Amino acid sequence: QVQLVESGGGLVQPGGSLRLSCAASGFTFSSYAMSWYRQAPGKERELVASTSSTGGSTNYADSVKGRFTISRDDAKNTVYLQMNSLKPEDTAVYYCTTRIWSSRYWGQGTQVTVSS
């Protein structure tokens, strides 16, 4: 069974940093692209960052480019999201996801709150 489990969220002050982790199991992790999405209250879920199966290419939302970095460690079946220079508008539940054939799988999400 495919499982994605996010961790690393929490409360941080503006300008601070967090690193989110997503532990994957139940599929051949190294064969699939991975993405991070986020959803703030009252807003649609939005793509934050994606990485190819090889980790050789990445994409970022304009709002986080230059501040966030997505990476993966296939030996650990884990994808990361390093978040620096955090802003209050980054406050959201962050989800990792992958698509396997016709199915998209999501983790349970981890809350990131940026507030002073």
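Below you will find a few notes about this structure. (Residues numbered from 1 in each chain as written. Predicted model: local features only at pLDDT ≥ 70, side-chain atom pairs only at ≥ 80, totals over all residues. Heavy atoms only, no water.)

**Some details on the overall build of the protein**
Thought 1: Regarding its fold elements, the protein presents 0 helices and 11 strands.
Thought 2: Each helix and strand of the protein, placed in order from N terminus to C terminus, yields the pattern β-β-β-β-β-β-β-β-β-β-β.
Thought 3: For 116 residues, the compact-globule formula gives about 13 Å, and the C-alpha radius of gyration of the protein, at 13 Å, lands near that figure.
Thought 4: In terms of principal-axis extent, the alpha carbons of the protein reach across some 40 × 25 × 20 Å.
Thought 5: Sorting the 116 residues of the protein into buried and exposed places 43% on the buried side.
Thought 6: Restricting to contacts in the protein with at least 6 residues of sequence separation, those with at least 24 account for 52%.
Thought 7: Summed over its atoms, the accessible surface of the protein is roughly 6,100 Å², and 45% of this surface lies on carbon and sulfur atoms.
Thought 8: Computed over 11 positive and 8 negative side-chain charges, the separation of the two mean positions in the protein equals 2 Å. (Helix = DSSP H or I, 4+ residues; strand = E, 2+ residues; numbered from the N terminus. Rg over C-alpha atoms; globule rule 2.2 N^0.38 Å. Buried < 20%, exposed > 50% of the residue type's maximum accessible area, 1.4 Å probe, protein only. Contact = heavy atoms within 4.5 Å. Areas by Shrake-Rupley, 256 points an atom, 1.4 Å probe, with all protein chains shown as cover. Lys, Arg positive; Asp, Glu negative; His and termini not counted. Charge placed at Lys NZ, Arg CZ, Asp CG, Glu CD.)

**Considerations on the sheet that holds strand β7 (residues 68-73)**
Note on sheets: strands pair through backbone hydrogen bonds, and any given pair is parallel or antiparallel.
Thought 1: With antiparallel pairing, 4 strands are arranged side by side in an open sheet as β1-β3-β8-β7. Edge positions in the open sheet fall to β1 (3-7) and β7, since each of these has one partner strand only. Sheet twist, expressed as the average angle between the axes of neighbouring strands with direction ignored, equals 15°.
Thought 2: Bridge count between strand β3 (residues 18-25) and strand β8 (residues 78-83): 6 bridges; the pairing is antiparallel. Bridging from a neighbouring strand, R19 pairs with Q82 of β8. (Pairing = 2+ DSSP bridges. Axes fitted to C-alpha atoms, helices over the stretch in contact; angles between N-to-C directions.)

**Quick notes on the state of the cysteines**
Thought 1: Applying the stated criterion across every chain, the model contains 1 disulfide.
Thought 2: A sulfur-sulfur distance of 1.8 Å marks the disulfide that ties C22 to C96. Here the disulfide of C22 and C96 is right-handed, its torsion about the S-S bond being about 50°. Pair noted here: C22 is in strand β3 and C96 is in strand β9 (residues 92-100), with a separation of 74 residues, a long-range link. (Disulfide = S-S within 2.5 Å.)

**Things to note about the environment of R19**
Thought 1: Looking at the secondary structure, you find R19 in strand β3.
Thought 2: Discounting chain neighbours no more than four positions away, the residues touching R19 are S7, G8, Y80, L81 and Q82.

**Considerations on the pairing of β9**
Consecutive side chains of a regular strand alternate in pointing toward one face of the sheet and then the other.
Thought 1: With 8 of 9 residues buried, β9 lies mostly within the body of the structure.
Thought 2: The sheet contact formed by strand β4 (residues 34-39) and β9 spans 5 bridges and is antiparallel. Along β9, the bridge assignment pairs Q39 with V93.
Thought 3: Note that β9 and strand β11 (residues 110-114) share 3 bridges and pair antiparallel. Each bridged residue has a counterpart across the sheet, and for A92 the counterpart in β11 is V112.
Thought 4: Pairing analysis gives 4 bridges linking β9 to strand β10 (residues 103-106), with the strands arranged antiparallel. Bridge assignment links T98 to a residue of β10, and that residue is Y105.
Thought 5: Linking β9 to β10, which pair antiparallel, is a turn of 2 residues; within it W101 sits at a positive phi near 55°.

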